[in-house]
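A structural walkthrough
These are the residues of each chain, in order.
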Amino acid sequence: MAVCHTLTRIEGKLSGDPLDLKIFEETGWVLEEATEEETALHNQIMPTVVRPSKQPLPAAEAGMDREMEMFDLPATYEIGIVRQFPFSSSLQRMSVVARVLGGKQMDAYLKGAPEVIANLCKAETVPECFTEVLKIYTKQGFRVIALAHKKLGSRLTWHKVQNVSRDAIESNMEFMGLIIMQNKLKPDTPRVLKELGRANIRTVMVTGDNMLTAVSVARNCGMILPQDEVIIAEALPPKDGQVAQIHWLYTDDASKHLESASEIIDIKMENKGSGDGPHQKNHYHFAMDGKSFSVVTEHFQDLLSKLLLHGTVFARMAPNQKTQLVEAFQNMDYYVGMCGDGANDCGA
């Protein structure tokens, strides 16, 4: 939390990704960067350093586990950030290589989308309940980030680490845990969305967040009403000689318990008289992630317009996929307006 970020100081003020800023502030640590004079003197090899604040920390609350506290670190404890691999929307993760002052080995720290991080970790370090716990929090609308770590070889010097590939660093990690965050809706959001609805202006969510988190937020802000049903379209690309497939996952109301959350159902899109397809329901919404969107775009063109017509949530979407989604709606003769708060929304 204190090391794995790309924060920097601009005119003395800590700047960077708002999420990284918030997480770093919660650690109570301090970030220091080399001055221009130090950088020139040391031929630009002075790393960014983070360390615990010298300010006295508040007394431990009653019942707090002393083993969980970091108050007893030595006064000279510092960690230098030797190399950074910035967050990539396509990779859904970021990492850093760091070294404790006086330490003999470097460490790699990784954070990002939980399902991505888990796949980069040694299987024995990922808890068996990982998927279950992740669903519990994402279905409640929490934003979840996974953390991982590994020790690097003692022969890996500062100069060598500058040439190591990202894939080599971000592999065989040890799973550390999850950060659970609540990103509350702005007070005006539900009201504005309701006004758009009254004006017969359709709203769609396009996000890089987890699918279940996105569906929960869509319900909370009124884009999906409590009685409405959500059907996740999970499209799989061709593999081992098999053609591309689509599985339909029916998701119950987010207020219900996890035990009744998802089950595979059969949806016959073409048989409109069968009575068991979503076309027979008055209020339903399709949801899909970026991977499924790519597969549908390439292999299920005949279904794309039907999915977009009732699609409300598009999760884990890369920046270029957001642009493709806007263009797909425009091809259906929609006039599209896009609101975003980050650089990865600029293309759309």
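Reference entry: report on the structure contained in this document. (Residues numbered from 1 in each chain as written. Predicted model: local features only at pLDDT ≥ 70, side-chain atom pairs only at ≥ 80, totals over all residues. Heavy atoms only, no water.)

Counting its secondary structure elements, the protein chain contains 11 helices and 15 strands. Per-residue burial over the protein chain gives 39% buried out of 348 residues. Look at the contacts in the protein chain between residues 6 or more apart in sequence, and 62% of them connect residues 24 or more apart. When the accessible area of the protein chain is evaluated, it comes to approximately 20,800 Å², of which 51% is carbon and sulfur surface. (Helix = DSSP H or I, 4+ residues; strand = E, 2+ residues; numbered from the N terminus. Buried < 20%, exposed > 50% of the residue type's maximum accessible area, 1.4 Å probe, protein only. Contact = heavy atoms within 4.5 Å. Areas by Shrake-Rupley, 256 points an atom, 1.4 Å probe, with all protein chains shown as cover.)

Take the pattern of salt bridges next. Inspection of every chain in the model, using the stated rule, returns 10 salt bridges. Between aspartate 107 and lysine 151 there is a salt bridge; the shortest N-O distance is 3.2 Å. Taken together, the residues span a long stretch of sequence, with aspartate 107 in strand 7 (residues 107–112) and lysine 151 in strand 8 (residues 143–151) at a distance of 44 residues. Take aspartate 107: its relative accessible area is 4%, and that puts it in the buried class. For lysine 151, a relative accessible area of 53% puts it in the exposed group. One salt bridge in this structure joins arginine 166 and glutamate 170, with 2.9 Å as the shortest N-O distance. (Salt bridge = Lys/Arg side-chain N within 4 Å of Asp/Glu carboxyl O.)

Once that is clear, we can look at the sheet that holds strand 6 (residues 93–100). Read from one edge of the open sheet, seven strands run 3-4-5-6-7-8-9, paired in antiparallel fashion. Each edge of the open sheet carries a strand with a single partner, namely strand 3 (29–32) and strand 9 (174–181). Ignoring which end each strand starts from, the neighbouring axes of this sheet average 25° apart. Of the strand pairs in this sheet, strand 6 and strand 7 are connected by six bridges, and their pairing is antiparallel. Counterpart to arginine 93 in the pairing with strand 7 is glycine 112. Sitting on the sheet, helix 1 (residues 18–27) is in contact with strand 3, strand 4 (48–52), strand 6, strand 7, strand 8 and strand 9, with an inclination near 120° to strand 3. (Pairing = 2+ DSSP bridges. Axes fitted to C-alpha atoms, helices over the stretch in contact; angles between N-to-C directions.)

To continue, consider the side chain of arginine 166. Here arginine 166 lies in helix 6 (residues 166–169). Residues contacting arginine 166, with those up to four places away along its chain left out, are Phe85, Pro86, Ser88, Leu91, Arg93, Met94 and Ser95.

Moving on: the environment of leucine 249. Its location among the elements puts leucine 249 in strand 12 (residues 245–251). Taking the C-alpha atoms as reference points, leucine 249 and isoleucine 231, 18 residues apart in sequence, are found 5.6 Å from one another.

Moving on to the pairing of strand 8. When you tally the buried positions in strand 8, you get seven out of nine residues, the bulk of the element. Bridge count between strand 7 and strand 8: six bridges; the pairing is antiparallel. Pairing of glycine 112 across the sheet is with alanine 146, part of strand 8.

Attention now moves to a nonpolar patch on the surface. A surface patch of nonpolar side chains, amounting to about 220 Å² of accessible area, comprises Ile136, Tyr137 and Ile180. On the secondary structure map, isoleucine 136 appears in helix 4 (residues 130–138). Residue isoleucine 136 is classed as partly exposed on the basis of its relative accessible area, which comes to 36%. (Patch = residues over 30% accessible without salt bridge, like charges linked within 9 Å, V, L, I, M, F, W, Y side chains within 5 Å.)

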